[in-house]
Amino acid sequence: AKAKAKATLDGAKARVRDAQERRRERRIDDESRAHAVRVARAIARADEDDGDENATTSTSRAREQRTSRREVLLDELAKDVVDVNRLRLLASDGGVPDDDDGRARALVWKLCLKYIPGDRAAWAETEHARRGEYGRFLAEFCGEPTTTVEGNETASGTSRGVQWIDRHKGDEVAEQIDRDIARVHPDMHFFNDEGGGGKAARRKDEMRDALYVFAKLNPGVGYVQGMHEMFGCIYYVFATCSDDAQAANAAADAFYCFTEIFGEFRDVFVMELDATDQGVRALLDTLSDMLAEHGPEVHRHLHELQLATSMYAFRWITLLFTQDFDFADALRLWDVMLASPRSRKECLLRLCVACVLNIGSDLIESDFATCMKMLQHYPPVDIRRITRLAAALPYGISPAPAVPSHARA
């Protein structure tokens, strides 16, 4: 009798859990559909605003909507157990708040990249374990910490006057990493503060260490040029967070988040896969097909000019927009991509299509040289326009019409 009662109770609990899960899934589906409707309306309003005498009113209304979304997202982040699926929907709907000294973006990225779980009570333990593991990787592959001298400054607490590369003489991977990190975002003070106390020197060495550890742990890929741009984007977000404890561990946290991102984009960086259906060329072909589906006129014009996607989108894909937009705009594109409820690779391609469609009318009226200039040196844009266009695109590509059997070769 006790066993029967226990089985009945267990069954009742299971049914309750199933009902709760179904309600949660329905809520997410409802928010997803509402999101699509909002995006379509936002694009229509944006088109109208170009010649609208009441553009100021429309702008105010859009600002109010963004404020509302901001509050909902921050409320979700404040919960004891964050619903990560819901958070991703909210973050992909226009990005993450960036007016709170970087706290929200750093937290959203860590949750979306599975660095920490949704349960807030487990955050400290999870971070402590991963940072400890990263420290052991550093000890194994990088030895004692040093700091590269830049200008006349060196970071305090490290071996003065010792170049990072001195610990890795003759190591071709280390030499390539050293060269790439030396020229990362030369226009940003964060990475280049000669005469500013040596913080940039320490930051660059932390980036060098992390990429070197990654190369050692992933010998099948090693280090590929372009990784430093991707890692620098993540490292910046974590290092500039106003939470001192989080900022102090930016390299370790960025290492694991970079590893998660790279796992999805790995095939893009493996040269041996370039000519396969998994490599970067296949991704560029898929982009061309998506552009033909969603923007047939501009696709036809670029095809007639013999301007292939590889001539302008290769860098968008392999560097995830980090060199083609202002850094702040690139972060907003990353917000949407990392939070995408679907494949991040698909989201990247949708953003690429949106970039082309956004200037499509200008491209159609231009010759080869002008088109190349616009696509390789993208004109100034409100980045929300790109994210709205990408979100409004229907998913998938329509299948080609069937060829009648009598017409086949």
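Before reading further, recall that the structure is shown in the block above.
Just so we're clear, the structure is a prediction, and the values are computed from it rather than from any experiment. (Residues numbered from 1 in each chain as written. Predicted model: local features only at pLDDT ≥ 70, side-chain atom pairs only at ≥ 80, totals over all residues. Heavy atoms only, no water.)

> Explanation requested: the overall build of the protein chain in the structure shown.
Within the protein chain, the regular secondary structure consists of 18 helices and zero strands. Buried residues in the protein chain amount to 45% of all 409 residues. By element, 50% of the accessible surface of the protein chain is carried by carbon and sulfur atoms, the whole surface being about 21,000 Å². (Helix = DSSP H or I, 4+ residues; strand = E, 2+ residues; numbered from the N terminus. Buried < 20%, exposed > 50% of the residue type's maximum accessible area, 1.4 Å probe, protein only. Areas by Shrake-Rupley, 256 points an atom, 1.4 Å probe, with all protein chains shown as cover.)

> Would you explain the packing of helix H10 (residues 250-269) against helix H15 (residues 344-358) in this entry?
When two helices pack together, you describe them by how their axes are tilted relative to each other and by the distance separating the axes. The geometry of H10 relative to H15 is characterised by a closest axis approach of 9 Å and an angle of 75° between their N-to-C directions. Considering their axes alone, H10 and H15 lie roughly perpendicular with respect to each other. For the pair H10 and H15, the contacting residues are Glu260, Glu264 and Phe265 in the first and Arg344, Lys345 and Leu348 in the second. In the contact of H10 with H15, the residues fall into two nonpolar, no polar and four charged. (Axes fitted to C-alpha atoms, helices over the stretch in contact; angles between N-to-C directions. Parallel < 35°, antiparallel > 145°, perpendicular 65-115°, else oblique. Contact = heavy atoms within 4.5 Å. Nonpolar A, V, L, I, M, F, W, Y, C, P; charged D, E, K, R; others polar.)

> Any chance you could explain the nonpolar core here in plain terms?
Among the nonpolar cores identified, the biggest contains 109 residues, and Trp109, Trp316 and Trp334 are the most heavily contacted of them. Of all the elements, H10 adds the most residues to this core, at 13 residues. Each residue touching Trp109, except ones within four places of it in the same chain, is listed here: Cys233, Ile234, Val237, Phe238, Leu331, Trp334, Asp335 and Leu338. (Core = buried A, V, L, I, M, F, W, Y, C linked by side-chain atoms within 4.5 Å.)

> When you look at the packing of aromatic side chains in this model, what are you seeing that I'm missing?
Aromatic rings in a pair are described by how distant their centres are and how their planes are angled relative to each other. In the structure shown here, the tally under the stated rule is 21 aromatic pairs. An aromatic cluster is built from Phe190, Phe191, Phe214, Phe231, Tyr235, Tyr236, Phe258, Phe262 and Phe327, whose rings are joined through pairwise contacts. Arg130 extends its terminal NZ or CZ atom over the ring of Tyr256, reaching a point 5.3 Å from the ring centre. (Phe/Tyr/Trp six-rings, centres within 6.5 Å; stacked < 30°, edge-to-face > 60°. Lys NZ or Arg CZ within 6 Å of the ring centre and 35° of its normal.)

> What exactly am I supposed to notice about helix H18 (residues 383-392) here?
Residues Ile383, Ile386, Thr387, Leu389 and Ala390 constitute the buried set of H18. The buried side chains of H18 occupy one side of the element, clustering within an arc of 160° when seen end-on. (Arc of directions from axis to C-beta.)

> Help me out: how do you make sense of the pattern of salt bridges in this one?
When the charged atoms of two side chains lie near each other, side chains of opposite charge can form a pair. Under the counting rule described, the total for this entry stands at 19 salt bridges. The residue Glu76 makes a salt bridge to Lys79 at a minimum N-O spacing of 3.0 Å. For Lys79, a relative accessible area of 38% gives the class partly exposed. Notably, a salt bridge pairs Asp205 with Arg208, separated by 2.9 Å at the nearest N-O pair. Placement of both Asp205 and Arg208 in helix H7 (residues 199-217) is noted, with a separation of three residues, approximately one turn of the helix. You'll find Asp205 and Arg208 in the same group, each marked buried. (Salt bridge = Lys/Arg side-chain N within 4 Å of Asp/Glu carboxyl O.)

> Would you mind going over unusual backbone geometry with me for this structure?
The phi angle of most residues is negative, glycine excepted, and most peptide bonds adopt the trans form. The phi dihedral of His185 is positive, around 35°, even though this residue is not glycine. Within the secondary structure, His185 is located in the loop between helix H6 (172-182) and H7. Phi at Gln306 takes a positive value of approximately 60°, unusual for a residue other than glycine. Within the secondary structure, Gln306 is located in the loop between helix H12 (296-304) and helix H13 (313-318). Residue class for Gln306 comes out exposed when judged on its relative accessible area of 67%.

> How should the state of the cysteines be read in this particular structure?
Should the sulfur atoms of two cysteines be covalently bonded, the bond is a disulfide. A full pass over the atoms with the stated rule returns zero disulfides. Residue Cys352 stays outside any disulfide, its sulfur separated by 6.3 Å from that of Cys355, the closest cysteine. Exposure remark for Cys352: the relative accessible area of 0% places this residue in the buried category. (Disulfide = S-S within 2.5 Å.)

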